[in-house]
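Fold and geometry: a report
Here's the letter readout for the chains.
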Amino acid sequence: MDENFRTEPVDPGGVGEKRSLGWIIFDVEGPVVSFLTKAGELLLLSFIFTLCCLPLVTIGPACTALYSTVVKNIKHGRGYPLREFFSAFRRRFKKSFIAGLIMLVWCAGLYLMYRTVGKTVSGSFARKSFIVILTVSMAVFFYLYPILSRFRIKLANAFAMAFVMCGEHFLTSLAMILSSVGVVYLLMFILPIITLPFIPGIWVYLMSFLMEKALRRYMPPPKEADKEKWFYE
């Protein structure tokens, strides 16, 4: 072929073409619109999650559905947020509901133990013991709902797996506990309480980067038919 007529394929909007400022700001596939869309979906999910937690006994299914939706929809762009949230809420309801009840009973028991033991044992010892048990309990529950959202597993095995993951992924556990304490501090002393319904989705999204690395260690190697599934991407 004559060198004078040799051409290169056009790369519209690709790596070889410099993005215009208009595309960056206004295009629906641009980073600004994409960011605002995901931020809006996170706020919506946080608000729906808060509403679903109001009866208290539905905290478990709401936590499972929120994690599943944030990872599948916000991070991987699969499906629609509200549809996925309520689908996951129904799909994992039974085990998550029981897990939530166990969490509530356990927290109530810890509080009663602290109030009772604190009157008969050294106050300092009671506080330290309470803090240790509460910290481990928080870590277990942080892992439990992502596990229930990802794996088909018996509830007892899910609790055991969550407990093991607390130790195997100590830095992840520490990051989740410290960040959750930081969020509570912000809500109590800095941020107005009206921001509460918009915090959970943002926190789950940020923590999912650590959680997904931990969960992948327990996922079997994908079969050929499974490689296209979103949680293997």
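Right, let's walk through the structure included here. Predicted model, so just to flag it, every value in this text is computed and none were measured.

1. Section: the side chain of Asn73
Positionally, Asn73 belongs in helix H3 (residues 59-75). A polar contact of 3.4 Å, which involves the side chain of Asn73, links it to the backbone oxygen of Arg78. With near-sequence residues (within four places) excluded, Asn73 lies in contact with Lys38, Glu41, Arg78, Gly79, Tyr80 and Pro81.

2. Some thoughts on unusual backbone geometry
Positive phi values are uncommon outside glycine, yet Leu56 reaches one of about 70 degrees. The class for Leu56 is partly exposed, based on a relative accessible area of 49%.

3. Things to note about the pattern of salt bridges
Going through the model one piece at a time under the given rule, you end up with three salt bridges. Where Arg91 meets Glu84, a salt bridge forms, and the shortest distance between an N and an O atom there is 3.5 Å. By relative accessible area, which is 44% here, Arg91 ends up partly exposed. With relative accessibility at 8%, the residue Glu84 sits in the buried group.

Rules used throughout
Residues numbered from 1 in each chain as written. Predicted model: local features only at pLDDT ≥ 70, side-chain atom pairs only at ≥ 80, totals over all residues. Heavy atoms only, no water. Helix = DSSP H or I, 4+ residues; strand = E, 2+ residues; numbered from the N terminus. Polar contact = N/O pair within 3.5 Å; in protein donor to acceptor, adjacent residues only side chain to side chain. Contact = heavy atoms within 4.5 Å. Buried < 20%, exposed > 50% of the residue type's maximum accessible area, 1.4 Å probe, protein only. Salt bridge = Lys/Arg side-chain N within 4 Å of Asp/Glu carboxyl O.

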